Amino acid sequence: QVQLVESGGGLVQAGGSLRLSCAASGLTFSRYAMGWFRQAPGKEREFVAAISRSGATTDYADSVKGRFTVSRDNAKNTVVLQMNSLKPEDTAVYYCAADFRVVPQTDSYKYDYWGQGTQVTVSS
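Think of each chain on its own: its residues are numbered from 1, step by step along the sequence as written. Predicted model: local features are reported for residues with pLDDT of at least 70 only, side-chain atom pairs are reported and counted for 80 or more only, and whole-chain, interface and lining totals are derived from all residues. Working from all heavy atoms in the structure, the side-chain values ignore hydrogens and water.

Some details on the environment of Thr28
The line we're drawing: Note on conventions: DSSP H or I runs of at least 4 residues are helices, E runs of at least 2 residues are strands, and numbering of each starts at the N terminus.
Note that Thr28 resides in the loop between strand S3 (18–25) and strand S4 (33–39). Taking the C-alpha atoms as reference points, Thr28 and Gln39, 11 residues apart in sequence, are found 27 Å from one another.

The following block contains the structure:
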């Protein structure tokens, strides 16, 4: 079965950095665009970043542009979200997701598989 397992979350002070990883199994990873979403308490899940199958195309939410970077390693079946200059408003559970399309998508309902999430907490 398909599994997406996130890791790397934790507690960090504002201005700090975290590196989230998502390890995929049970699917042909290179055939899936990958996305990162987040959900804060009491809020809807929102798009953070996405990357195409090859890694050539990326997309970011305006709120994280210039601070977050998404990358992937198809040989290792992993996608990484490097988060710098973190702010308290970045606090959320972060999820990775897989979408069987060429172009990375920003709508969560278009994604086929989801991980269980990892908590990121940014203190002020």
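Right, picking up where we left off after that structure.
Things to note about the nonpolar core
Most often, soluble globular proteins keep nonpolar side chains buried together rather than apart. As a reminder, the rule being used: Within this scheme, the nonpolar core is defined by two criteria: the residues are buried Ala, Val, Leu, Ile, Met, Phe, Trp, Tyr or Cys, and they are joined through side-chain atoms within 4.5 Å. Partly exposed residues are those whose accessible area sits between 20% and 50% of the maximum for their type, while under 20% is buried and over 50% is exposed, using a 1.4 Å probe and protein chains only. In what follows, a contact means two residues having at least one pair of non-hydrogen atoms within 4.5 Å.
Membership of the largest hydrophobic core comes to 35 residues, with the highest contact counts inside it found for Met34, Trp36, Leu81, Met83 and Tyr94. Where this core is concerned, the elements lending two or more residues are S3, S4, strand S5 (46–51), strand S7 (68–73), strand S8 (78–83), strand S9 (92–99) and strand S11 (118–123). Contact partners of Tyr94, with chain neighbours within four places excluded, come to Glu6, Leu20, Trp36, Phe37, Arg38, Val48, Phe68, Leu81, Met83, Gly117, Thr118 and Val120.

A look at the pairing of S9
Selection rule: Any two strands with at least two DSSP bridges between them are considered paired.
Most of S9 sits inside the fold, with seven of its eight residues counted as buried. Bridge analysis of S4 against S9 gives seven bridges, and the strand direction is antiparallel. Residue Gln39 lies in a different strand from S9, and its bridge partner there is Val93. As defined by bridge partners, S9 adjoins S11 across three bridges and the pair is classed as antiparallel. Residue pairing in the sheet places Val93 in a bridge with Gln119 of S11.

Regarding the sheet that holds strand S1 (residues 3–7)
Where we set the bar: Think of each axis as a best-fit line through the C-alpha atoms, taken over the contacting stretch in the case of a helix, with angles from 0 to 180 degrees between the N-to-C directions.
Ordered by their spatial adjacency, four strands build an open sheet running S1-S3-S8-S7, and the pairing between neighbours is antiparallel. Edge positions in the open sheet fall to S1 and S7, since each of these has one partner strand only. With strand direction ignored, the average angle separating the axes of adjacent strands in the sheet is 15°. Where S3 lies against S8, six bridges are found, and the strand directions are antiparallel. Note that in S8 the partner of Cys22 across the bridge is Val79.

Focus: the pattern of salt bridges
Note the cut-off: Note on definitions: salt bridges are taken to be side-chain nitrogens of Lys or Arg within 4 Å of carboxyl oxygens of Asp or Glu.
Following the criterion strictly, the structure yields six salt bridges and no others. The residue Arg38 makes a salt bridge to Glu46 at a minimum N-O spacing of 2.6 Å. A relative accessible area of 5% means that Arg38 is categorised as buried. Under the relative-accessibility criterion, Glu46 is labelled partly exposed at 37%. A salt bridge links Asp62 to Lys65; the nearest nitrogen and oxygen atoms lie 3.2 Å apart. Asp62 gets classed as exposed once you look at its relative accessible area, which sits at 65%.

Side note on the state of the cysteines
Our working rule: In this description, the term disulfide denotes a pair of cysteine sulfurs within 2.5 Å.
On inspection of all chains with the given rule, the structure shows one disulfide. Paired through a disulfide, Cys22 and Cys96 show a sulfur-sulfur distance of 2.0 Å. Disulfide Cys22-Cys96: the torsion about the S-S bond is 45°, which places it as right-handed. Residue Cys22 is located in strand S3, and its partner Cys96 is located in strand S9; the two are separated by 74 residues in the primary sequence. Residue Cys22 is classed as buried on the basis of its relative accessible area, which comes to 1%.

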